[in-house]
Each structure stands twice: as C-alpha cells, then as structure tokens.
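What follows is the residue order along each chain.
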Amino acid sequence: MSAPTAHTAQSAEAEAEVELTIGGMTCASCAARIEKKLNRMDGVTATVNYATEKAHVTYDGAAASVQDLVATVERTGYTAHEPAPPARTTEDAAVPAPQEADTLRQRLITAVLLAVPVIAMSMIPALQFDNWQWLALTLTAPVVTYAGWPFHRAAWTNARHGAATMDTLISLGTSAAFLWSLWALFFGTAGMTGMTHPFELTIGRSDGAGNIYLEAAAGVTAFILAGRYFEARSKRKAGAALKALLELGAKEVTVLRDGREVTVDTADLHVGDRFLVRPGEKIATDGTVVEGSSAVDASMLTGESVPVEVAAGDTVTGATLNAGGRLVVEATRVGADTQLARMAKLVEDAQNGKAAAQRLADRISAVFVPVVIALALGTLGFWLADGAGITAAFTAAVAVLIIACPCALGLATPTALMVGTGRGAQLGILIKGPEVLESTRRVDTIVLDKTGTVTTGRMTLQAVHTAPGTTESDALRLAGSLEHASEHPIAQAVATGAAERTGAALPTPEDFANVPGLGVQGVVDGHAVLVGREQLLAEWEIRLPADLAARKAEAEAAGRTAITVAWDGEARAVFEVADAVKDTSAEAITRLRRLGLTPILLTGDNRAVAESVAAEVGIDEVYAEVMPQDKVDVVKRLQAEGRSVAMVGDGVNDAAALAQADLGLAMGTGTDAAIEAGDLTLVRGDLRAAPDAIRLARRTLSTIRTNLFWAFAYNVAALPLAAAGLLNPMIAGAAMAFSSVFVVGNSLRLRGFKPTPSATPSPSSTPSPSATPSPSGV
C-alpha cells in the first residue's frame, strides 16, 4: 500500500481528489477554520482532520487546482503540501520522527525548571530576599518568550483571521502579566530593594505600581505547556495504523523466472509473475494457485479462524499465511490494487472522514475571550472617564486580563486524562486521547466482530461422538496421535484437545501420509487409522453408521467442522471442532445493554453460525456473510440511519470499520492494524472490558467538564474585583492556586473508578461453535 497521492484530473472537467498535509494547527478550531475556507471555493468539498493533520479534498478540475487549494490554506495562516512520493518499503513508510513533540518537550522542561522557583518566591514570603523580584524577572523572561512562543504565534494567527481560541486567552493573560510586571519593576515601585508580596488576602485599591504578576505569567505558561505536551503524546497518528497494515505483507518473495528461483522485493512483483510460497511463509500478493495444495490461514487479515484449503485454480490473498504445503502462485494484483492495499486505503479514508472532536476549552474560549477583552476595554474606559488616572485605569484593565487566564485551564484536560488513562491501564483499558471521550457520550449502537471478539478466535475440540463399542479415550488417542503429525490448524486443534482430555502422551504414528484436501492416514499402535472428511473414508469403502452420520449432519448444520475417524476398516467416531464463544461474552452484552447500547453481531461466517453465536450471548441483530472490505459499509449504513456507532474488533478487516465508527474499541489480542485504528484498546481481550471502558471514558469526560467549569468559575468570580481595581496579587495567586488544587483533586477521584463486579458464571453455559467448515480437508 503506497502513501496517498494526488489524483490529478485527466481532463480539465474531471473531478479529482487530493490529500493535503496541514501544518500549524493547534486545536480543533484551526481545523474547522481551514475546512470552512476550503469549502467556500467553487467546486470544492473538503474535510480537515485535526488528529491526523490532513485535509481530504474533492475538487472540480475546471474550477480549481491543487496549487489553488494550497494557496487558500496558506492565506488562512497555515501550511499545506501534497504527501511525499510513495515509499517502496515499510521502513521508508514509517511515521516521521515527532520533531514537533520533541520541541514541545524542550519548551516544557525549560518552563518547569524556571517557573517553579518564581512561583515559590512569589507565594512564600520567607523566600523573598532582597531584590528577589529581579531574579524572578530573569527566570520568567525565557518562560514567557521562548517556552510560550507557540501560544503567541497561534494567537497572532487567530487574530489576523478574526478568531479567538484558548491560545488567545493564554497569550493575552501571560503577556499582560509579564508586561505589567516590567512596567512596575522599571517605572513603578516594585523594583525597590526590600519589596515583598505579603501573604494577605485583604482587598485594597492601589495604583498597581507595586504589583508584579510574574508567577502568573510563568506558572500559566508551564501549566498549559504540560497540558499540550501530554495531549500531543496521546494524539493518535493515522500513519501508525497504515504502517501496521503494510507490515503484514511479505517483504521479499521467491519468483520463478526462466526456471530459476530468484528472491526479489515484493515491490518488484508484476502481474503475471509466478512465485513460490513455502510452508510457513506469507503469500506475497493476490494471485491464483497454479501448482500445489495447502491450507491458508487468513486470520491475520480476515479475523476469521478457520483455515481455507486451496489447490490449483483457487485464488489467494496477499499477507495470508501458507500453513500447509508448497504452492506456486501467479500474481493477479500487485501494489495498490491488492486487497491489503485497498483495506489500508479504507482505513485512511475512514480516519480522514471522521469529524474532529471540538476541544471543550476552545469552545468555551471562543465565547469567553471576547467577553474578557470587552470587559477589560470597558474597565479601562470607565476608569479613564471617572478621572482615576491612566495608571489606575490600566492597572484595573490589565488585572482583568490576568485574572481571566486560569492556569487550571491547562490542567483540566490532561490531569483528568492522565488519571483516567492510568486507572484504565490498571483495568486493561487504553484510552488514546481526549478527542475519544466525546464519542463515548453519544454512542447508542455497538457493532461486535465475532471471531476473536465474541469468540476465542481459536479452533478447539468441542465434542466427541463414538460408535457403540468404542471408547472416547481410544478415539482421542489414535486420532490425536495421527493429527499431531499434521501441520494443519484444525489437526492441531484435535491433537491439543486429545492430549488435554486423555492427560497422557500421544503415541508416535507410523507410515503417516497427508491426503491433500481430505485428511491424514497412518498406523498407530498397530491400527490403520483414517482421520478427515467422510470422502476419505469412502475411498476405503468405509461408511458412517446411522448414529454417527446424524451427529455429523447436526454439527455441520450448526456450522461446526465435523471430522470423521476410522480404524481397522470401521468408522469409529465423529469429532466436532469449532471456535468457542468466550465465557464472558454473554455477561458483556448484558452490561452493554444496561449502558443503553444496542448490540449488533457482524461476521463473515455463514448465517447459521452467526445466529447460533448471537442467540447464546443475547444479540438480536446479525449481519452475516459480510466480506472484509464491506464491514465499513455496514457501519456507514448504521450511521446514515442516525445511529452513533461503536465498533469492537480485532482483525485487519476490522481496521477500516474501527476507524469509520464514532468510537472504535480494539481487542488487545488482535492485530496491530486494528489496535492502531481503534480509539480504545481492551488489553486483556475480555469483552467485559468494553462496557467498563465506555463507563470510564464517560466518567473521565464528565470530570473534564467539571474541571473546565471550575477552572473558569474561580477566576470569573474574581473578575469584579479586578474591574473594581481591588485585585490584590495574593488574591490572584490564591484564585489560581485554589482552582488548580480543585482540578487536580477532582481528577484524582477517577482513581476510585471500579469495574462492574463479574457475575457468577452459569454452570450451564457451554462453548458455542462459530466456525465455518473448511471447504476441503482437515
């Protein structure tokens, strides 16, 4: 799968698509502004994703060009460019080094090291030695200028386009605090030797000449930078999901050219090339088998556990695993045309199409900032008109700006997120970032992949039926020893089940032979044993007795794989192999319903298997026989019905649906691509973690909302004092301190979150089949 590239129009009239990489965005409001500007262009439809920093644009080639789109973005105050040319290897396609995050970390370290002594000196009178204020100024200057530069730059960009965000609030407040402190130190009385900030909360009007707010300027900058840094660390990178998909494919392939075996990079494969796939190797690309037969394990790509038997004339898919014999395959699709590449493109499109969650702080700031600026200007005008003098008027106006910049605002989201994610990690739940939390509040439908999510995803021996006169232990011992010599996944399931049930070592077979597409045969303890399809027994003129035939028919009707066993010329047993439902799935479905979610089962298996599993776990709505690439369409259809959809899955085929869903929950036992595409990861692979994850995410979101309210409320309460010219520096410091303490304390309450207690497993609950019988052989 190559990196996305521009699809230029073949003619001036053609509709074209391009994906632009956007730079300079600091919040979701930036993404919304760029999207609005692009959509105002004739013939242009654009979606801008803040999380992935990309814009997906569809445009009319007759009305606009890629250069026009880039120019529009740049006029909005941001950068844009087309992605780099396709990389030839997965190493080249790796996600770029996070230089921006490294720079942010450097600014944060600088801010913290310098701000801590400033805050300590300003808040603790005992530390205020002679001329301490000049040391505080020296330490604060680089914090406000160097460390706080991203806020000032973003505020200026916003101001040029008539917008106000959290950056505007931070820049105004810290700049006002620092500049006023400079004036007070150089032109007022604050620079005098022996000046102190007494620890008192008395209200008294002053001209401000002796007041400095350096701790506010340094502390706010450090706190907000900490919030930005932790947000950047948790911010999901779409490239990681695509890289995980790319790494599923084979790196090299053995091509047959002029009768010789030549090893080449998979990127050098061409349609029509014939290549060799040995047992245990991945199939390099989509193709058709021309020689050999084998069982192909597609679980890493499709998520379905049952291997598929293939022979000459059958099609195979790239990135699947050859679990049996030697194959020669003719390539039919290469590069971007393969199924793996198309699935990667689906993931990319789904992530770009997902609406970026608006950050709560920016929503509030969009209203709060203009109000504060208007109040500061009003305060300045009132005091000037009242004849109080320029110094007193500016003191009151600047005090309004300073008190309106709460340091708790920077702590509101990251502290709750850190505590919430930390508690989630203890419970086996990983939350990827704050943008995820908004979705958990709205979801009303949850789509569940079957294999590996509701079921174990592993083939296991479910039942043994024996003919009269035959003991179960004999059937398991003889069949298990023969299957143990086979590499076939179903054979291994039988061998493992036999060893576990008999509790003894299996004998070594003699004259073992694999019968392609039918099963295996050999001699065990002097008995001539056959294990496989009924056709294998028929070749030896052995027929199933009526009772075993009935058992076999029942198993296959329920979607299980039935394996027949015969020795010494007689049919002796029928084994049932299937993918078992997890013991915890039914309980998980019950918990999801209690949260107001409607569960839906989604699978590529046949309808009989799907409905059997759904009935056992308590799901009423089923989508069965869905092709891997069509799962995302099912999610889109549900969303078109007005539902807010959560998706739980574990396979590569689930990655696009996980990205498309309003909330993606990936099983930690699944593929890397699914985990990267999901918003929440359930580390244990226990479906009961899904309702706990949603509850924890909702609780964390509620905590963030409460934090944001109080982060503003404490400071808003002091605004009248500032406007009245009564703002004592200690009142400003106390307001900041109290709001920060409240936010941190409120966030720490998340440590007490507890998962729902597990119900006692029902003794009657038994594993349910969930596997489609393989088309041929064992």
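Nothing here was measured: the structure is a model prediction, and the numbers come from that model. (Residues numbered from 1 in each chain as written. Predicted model: local features only at pLDDT ≥ 70, side-chain atom pairs only at ≥ 80, totals over all residues. Heavy atoms only, no water.)

Engineer: Describe the packing of helix H16 (residues 472-484) against helix H17 (residues 489-502), listing the residues and the values that go with them.
Structural biologist: Helix-helix packing is described using two parameters, namely the angle between the two axes and the distance between the axes. Where H16 contacts H17, the axes come no closer than 8 Å and their chain directions differ by 140°. The angle between H16 and H17 falls in the class oblique. Crossing hand, H16 versus H17: left-handed. Between H16 and H17, the contacting residues are Glu472, Ser473, Leu476, Arg477, Gly480, Glu483 and His484 on the first element and Ala491, Gln492, Val494, Ala495, Ala498, Arg501 and Thr502 on the second. (Axes fitted to C-alpha atoms, helices over the stretch in contact; angles between N-to-C directions. Helix = DSSP H or I, 4+ residues; strand = E, 2+ residues; numbered from the N terminus. Parallel < 35°, antiparallel > 145°, perpendicular 65-115°, else oblique. Left-handed = near helix turned anticlockwise from the far one by under 90°. Contact = heavy atoms within 4.5 Å.)

Engineer: I'd love a proper account of a positive patch on the surface, names of residues and values included.
Structural biologist: A cluster of like positive charges, contributed by Lys36, Lys37, Arg40 and Arg75, occupies part of the molecular surface. Structurally, arginine 75 is set in helix H2 (residues 66-75). With a relative accessible area of 58%, arginine 75 lands in the exposed category. (Patch = residues over 30% accessible without salt bridge, like charges linked within 9 Å, V, L, I, M, F, W, Y side chains within 5 Å. Areas by Shrake-Rupley, 256 points an atom, 1.4 Å probe, with all protein chains shown as cover. Salt bridge = Lys/Arg side-chain N within 4 Å of Asp/Glu carboxyl O. Lys, Arg positive; Asp, Glu negative; His and termini not counted. Charge placed at Lys NZ, Arg CZ, Asp CG, Glu CD. Buried < 20%, exposed > 50% of the residue type's maximum accessible area, 1.4 Å probe, protein only.)

Engineer: So what's going on with the pattern of salt bridges? Which residues, and what values?
Structural biologist: Counted under the stated rule, the structure contains 23 salt bridges. Put simply, arginine 278 and glutamate 281 hold a salt bridge, and the shortest N to O gap is 3.6 Å. The exposure class assigned to glutamate 281 is partly exposed, which follows from its relative accessible area of 29%.

Engineer: Quick one: what's the story with the side chain of aspartate 686, residue by residue and with numbers?
Structural biologist: Relative to the assigned elements, aspartate 686 resides in the loop between strand S26 (680-682) and helix H25 (689-723). For aspartate 686, the side chain forms a polar contact with the main-chain nitrogen of arginine 688, separated by 3.0 Å. Setting aside residues no more than four positions away along its own chain, aspartate 686 makes contact with Thr584 and Met667. (Polar contact = N/O pair within 3.5 Å; in protein donor to acceptor, adjacent residues only side chain to side chain.)

Engineer: I'd like to hear about the environment of alanine 32, residue by residue, with values.
Structural biologist: Among the structural elements, alanine 32 can be located in helix H1 (residues 28-39). For alanine 32, a relative accessible area of 35% translates into the label partly exposed.

Engineer: Would you mind going over the UniProt feature "transmembrane region" (unreviewed entry) in the protein in detail, with residue names and values included?
Structural biologist: UniProt's entry tags residues 108-126, 132-149, 169-192, 212-230, 364-384, 390-413, 708-724 and 730-748 with the feature "transmembrane region" (unreviewed entry), counted in the numbering of this structure. As annotated, residues 132-149 has a helix share of 94% and a strand share of 0%, and its two end C-alpha atoms lie 25 Å apart. End-to-end, the C-alpha atoms of residues 169-192 are 31 Å apart, and along that stretch the chain is 75% helix and 0% strand. (UniProt positions renumbered as here; feature names shortened; annotations may be inferred.)

Engineer: So what's going on with the environment of threonine 254? Which residues, and what values?
Structural biologist: Residue position: threonine 254 is located in strand S5 (residues 252-257). On a C-alpha basis, the gap between threonine 254 and leucine 276 in space is 5.4 Å, while along the polypeptide they are 22 residues apart. Those residues in contact with threonine 254, other than ones at most four positions away along the chain, are Glu261, Val262, Thr263, Phe275, Leu276 and Arg278.

Engineer: Help me get a handle on the sheet that holds strand S21 (residues 570-581), residues and values and all.
Structural biologist: In a beta sheet, neighbouring strands are held together by backbone hydrogen bonds and run either parallel or antiparallel to one another. With antiparallel pairing, the 6 strands of this open sheet are ordered in space as S16-S21-S20-S19-S18-S17. In this open sheet, the two edge strands, each paired with only one partner strand, are strand S16 (455-466) and strand S17 (510-515). Across this sheet, the average inter-strand angle for adjacent strands is 20°, counted without regard to direction. Two strands pair when backbone bridges link them, and S16 and S21 are joined in this way by 8 bridges, in the antiparallel orientation. For threonine 460, the partnering residue across the bridge sits in S21 and is alanine 578. (Pairing = 2+ DSSP bridges.)

Engineer: Summarise the sheet that holds S5; cite the residues concerned and give the values.
Structural biologist: Strands sit in the order S6-S5-S7-S13-S8-S11 across an open sheet of 6 strands; the sheet is antiparallel. On the outer flanks of this sheet lie strand S6 (260-265) and strand S11 (315-316), each paired with one strand and no other. Of the pairings in the sheet, the one linking strand S8 (residues 286-291) to strand S13 (residues 327-333) comprises 5 bridges and is antiparallel in character. The partner of glutamate 291 across the bridge, within S13, is valine 328.

Engineer: Describe in detail a nonpolar patch on the surface, supporting the description with residues and values.
Structural biologist: On the surface, Leu172, Ile373 and Leu377 cluster together into a nonpolar patch covering about 240 Å² of accessible area. Inspection of the secondary structure assignment puts leucine 172 in helix H6 (residues 166-186).

Engineer: So, the confidence of the model for the protein: which residues are in play, and what are the values?
Structural biologist: Mean pLDDT over the protein: 79, with 81% of residues reaching 70 or higher. Residue range residues 1-13 is modelled with pLDDT below 50. Its contacts to residues more than four positions away, or to other chains, number 24 contacts. Between residues 353-358, whose pLDDT stays under 50, and residues either more than four places distant or in other chains, the model counts 18 contacts. (pLDDT = per-residue confidence, 0-100.)

Engineer: Requested: an account of unusual backbone geometry, with residues and values cited.
Structural biologist: In this model, aspartate 511 sits at a positive phi of 50°, which is unusual for a non-glycine residue. Along the chain, aspartate 511 falls in strand S17. With relative accessibility at 65%, the residue aspartate 511 sits in the exposed group. A positive phi angle, close to 60°, is found at glutamate 541, a residue other than glycine. Along the chain, the position of glutamate 541 falls in the loop between helix H18 (534-539) and helix H19 (546-557). Owing to a relative accessible area of 75%, glutamate 541 belongs among the exposed residues under this scheme.

Engineer: Can you tell me about the pairing of strand S9 (residues 294-297), naming the residues and giving the values?
Structural biologist: Covered by surrounding structure in S9 are Ser294 and Val296 together with Ala295 and Asp297, the residues of both alternating faces. Judged from the 2 bridges that link them, S9 and strand S12 (residues 321-322) form a sheet pairing that is antiparallel. For valine 296, the partnering residue across the bridge sits in S12 and is asparagine 322.

Engineer: Give a detailed account of the pairing of S13, specifying residues and quantitative values.
Structural biologist: With 4 bridges joining them, strand S7 (residues 274-277) and S13 adopt antiparallel strand pairing. Its bridge partner lying in S13, leucine 276 is registered against valine 328.

Engineer: Give me H6: which residues, what numbers.
Structural biologist: Its 21 residues give H6 an end-to-end C-alpha distance of 30 Å, which sits within 8% of 30 Å, the value for a rise of 1.5 Å per residue. Most of H6 sits out of view: 15 of its 21 residues are buried. (Expected span 1.5 Å × (residues − 1).)

Engineer: Could you give me a rundown of the nonpolar core, with the residues and numbers involved?
Structural biologist: Ranked by size, the top nonpolar core spans 52 residues in total, and within it Ile212, Leu214, Leu225 and Ile402 carry the most contacts. Sort the elements by how many residues they give to this core and helix H7 (residues 214-234) lands first, with 10 residues. Contacts of isoleucine 402, omitting those with residues within four sequence positions, involve Gly173, Ala176, Ala177, Tyr213 and Ala216. Within the second largest apolar cluster, 45 residues are counted, among which are Val622, Ala689, Ile694 and Phe753. (Core = buried A, V, L, I, M, F, W, Y, C linked by side-chain atoms within 4.5 Å.)

Engineer: An account of the side chain of threonine 564 is requested, with residue identities and associated values reported.
Structural biologist: For threonine 564, the position within the fold is in strand S20 (residues 561-567). The buried category is assigned to threonine 564, whose relative accessible area is 1%. Separated by 2.7 Å, the side chain of threonine 564 and the backbone oxygen of glycine 532 make a polar contact. At a separation of 3.4 Å, a polar atom in the side chain of threonine 564 contacts the main-chain carbonyl oxygen of arginine 533. With sequence-adjacent residues up to four places away left out, threonine 564 is seen in contact with Leu530, Val531, Gly532, Arg533, Glu534, Leu537, Leu544, Lys552, Ala573 and Val574.

Engineer: Could you give an account of the packing of aromatic side chains, naming the residues involved and the relevant values?
Structural biologist: Enumeration over the complete set of coordinates arrives at 5 aromatic pairs. When the centroid spacing of 5.2 Å and the interplanar angle of 75° are considered together, the rings of tryptophan 134 and phenylalanine 186 count as edge-to-face. Pair noted here: tryptophan 134 is in helix H4 (residues 132-147) and phenylalanine 186 is in helix H6, with a separation of 52 residues, a long-range link. When the centroid spacing of 5.4 Å and the interplanar angle of 55° are considered together, the rings of tryptophan 710 and phenylalanine 742 count as tilted. Linking tryptophan 710 in helix H25 with phenylalanine 742 in helix H26 (residues 729-748), this pair joins segments that are 32 residues apart in sequence. Assessed through its relative accessible area of 33%, tryptophan 710 is described here as partly exposed. On the accessibility criterion, phenylalanine 742 (28% relative accessible area) is partly exposed. One aromatic cluster in this structure is built from Phe709, Trp710 and Phe742. (Phe/Tyr/Trp six-rings, centres within 6.5 Å; stacked < 30°, edge-to-face > 60°.)

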